[in-house]
Amino acid sequence: MINQNEDIITYFKKLDRSFFMEELKEFAFLDEAIPIGHEQTISQPSLVLEMTLAIDLQPDSKVLEIGTGSGYQTALLAAFSDSVYTIERIAPLHERAKERLKKAGFSNIHFKLDDGSTGWEKHAPYNRIMVTAAAAQVPPELIDQLAIGGKMIIPVGTPLLQELLLLKKDEDGEIRTTVLEDVRFVPLKGKYE
Ligand code: SAM
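Quick caveat: nothing in here was measured; it's all calculated off a predicted structure.

### A look at the site of the ligand
Then, number 1: Among the 26 residues in the neighbourhood of the ligand, the closest are listed as S70, E88, D115, G116 and K189.
Then, number 2: In this structure, a nitrogen atom belonging to the ligand sits 2.7 Å away from a main-chain N or O atom of G116.
Then, number 3: With respect to the ligand, the backbone of K189 contributes an N or O atom lying 2.7 Å from a nitrogen atom.
Then, number 4: Isolated, the ligand exposes 600 Å² of accessible area, and the fraction of that covered by the protein chains is 99%.

### Side note on unusual backbone geometry
Then, number 1: Following A124, the chain continues to P125 via a peptide bond in cis, the omega torsion being 5°.
Then, number 2: Relative to the helices and strands, P125 resides in the loop between β5 (109-113) and β6 (126-131).
Then, number 3: A positive phi is found at L24, a non-glycine position, where the angle reads about 60°.
Then, number 4: Counting through the fold element by element, L24 comes out in the loop between α1 (2-14) and β1 (34-37).
Then, number 5: Despite not being glycine, E39 has its phi angle at roughly 65°, a positive value.

### As for the environment of H110
Then, number 1: Within the secondary structure layout, H110 lies in strand β5.
Then, number 2: C-alpha of H110 to C-alpha of L64: the two residues are 46 residues apart in sequence and 9.5 Å apart in space.
Then, number 3: Setting aside chain neighbours within four positions, we find H110 in contact with S83, V84, Y85, T86 and W120.

### Section: the packing of aromatic side chains
The description of two aromatic rings rests on the distance between their centres and on the angle between their planes.
Then, number 1: Following the criterion strictly, the structure yields 5 aromatic pairs and no others.
Then, number 2: In this structure an aromatic cluster arises from ring pairing among F19, F20 and Y72.
Then, number 3: The positively charged end of K62 is found above the aromatic ring belonging to Y126, 5.7 Å away from the centroid.

### Concerning helix α3 (residues 72-79)
Then, number 1: Of all 8 residues that make up α3, 7 are buried, and the element is covered over most of its length.
Then, number 2: Three or more residues of α3 are buried, namely Y72, Q73, T74, A75, L76, L77 and A78.

### Observations regarding the packing of helix α2 (residues 45-54) against α3
Packed helix pairs are specified by the crossing angle of their axes together with the interaxial distance, meaning the distance between the axes.
Then, number 1: Running from N to C, α2 and α3 point in directions that differ by 30°, and their axes come no closer than 10 Å. As far as their axial angle goes, α3 and α2 are roughly parallel. Where α2 crosses over α3, the handedness of that crossing is right-handed. Mapping the contact onto sequence places P45, V48, M51 and T52 in α2 and Y72, Q73 and L76 in α3.
Then, number 2: Broken down by class, the residue content of the contact of α2 with α3 amounts to 5 nonpolar, 2 polar and no charged.

What counts and how
Numbering of residues starts from 1 in every chain and runs along the sequence as written. Owing to the predicted nature of the model, reporting of local features is limited to residues with pLDDT of at least 70; listing and counting of side-chain atom pairs is limited to 80 or more, with chain, interface and lining totals taken over all residues. Note that the side-chain values use all heavy atoms of the structure and ignore hydrogens as well as water. Consider each residue's heavy atoms; a residue with any of them within 4 Å of a molecule or strand counts as near. Throughout this description, a polar contact denotes any pair of N or O atoms lying within 3.5 Å of each other; where both atoms belong to protein, one of them has to be capable of donating a hydrogen while the other can accept it, and for residues adjacent in sequence the pair is counted only when both atoms sit in side chains. Every accessible area reported is derived by Shrake-Rupley at a probe size of 1.4 Å, with residue values counting cover from the shown protein chains alone. The numbering of helices and of strands both runs from the N terminus, where a helix is a DSSP run of H or I of at least 4 residues and a strand a run of E of at least 2. What makes two residues a contact is simply this: any of their non-hydrogen atoms within 4.5 Å. When two rings of Phe, Tyr or Trp (its six-membered ring) have centres within 6.5 Å they constitute a pair, described as stacked for plane angles under 30 degrees, edge-to-face for angles over 60, and tilted for the intermediate range. Whether a charge lies above a ring is judged from NZ of Lys or CZ of Arg, which has to be within 6 Å of the ring centre and within 35 degrees of the ring normal. In this scheme, a residue with accessible area under 20% of its type's maximum is buried, one over 50% is exposed, and one in between is partly exposed, where area comes from a 1.4 Å probe on protein chains only. To define axes, lines are fitted to C-alpha atoms, for helices over the stretch in contact only, and angles between the resulting N-to-C directions are given on a 0 to 180 degree scale. Here roughly perpendicular refers to angles of 65 to 115 degrees, roughly parallel to angles under 35, roughly antiparallel to angles over 145, and oblique to all remaining angles. Whether a crossing is left-handed or right-handed is set by the direction in which the near helix is turned from the far one by less than a right angle, anticlockwise for left-handed and clockwise for right-handed. Amino acids outside the nonpolar list (Ala, Val, Leu, Ile, Met, Phe, Trp, Tyr, Cys, Pro) and the charged list (Asp, Glu, Lys, Arg) are all regarded as polar, and Gly is one of them.

Rendered as structure tokens:
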């Protein structure tokens, strides 16, 4: 696990964040969320790393990501798991992320343009689920789509402030929830706004 974390940190440090941006590239070095158009943001790098480490990726993990955005977080997920299913609701962001990640050589990412607030049932169950937009509650559909032994990270709260939750589904199907920290994400549109 220590090695896995070290590998993730090394990869993260080498990942050129500006590659995932069309504008404002000169601000890519800042440890802040930066606008990527359509009222959305590329996430804060330290938070992307933190969430990637906290979700405990395994080489055989099948991961669901909701909120592809620029594809920055998607790249980290895909580099350390078996496959990533990622959903984005804004067409130009979805298209650009898809182009970038293909250009970067990823072949284990499946993209969908849709409202992902109720997940992607067709390919469930997932070993890991990462939601990168803020919901008012944990969507029950996502809990259903989480595999036994699986882990999910999701910001839950009001549009202005959320708690970043780590949920684990035990062998008996029980959900155990840990609060990681306070965060502020753009809203998860759809059923659980
Ligand atoms: N982690 C991404 C990155 O670093 O570029 C940033 C994600 S951004 C904070 C949240 C993304 O979630 C936005 O691109 C937004 O359009 C998307 N989003 C919001 N609601 C969604 C929904 N219901 N289904 C799919 N994507 C959604």
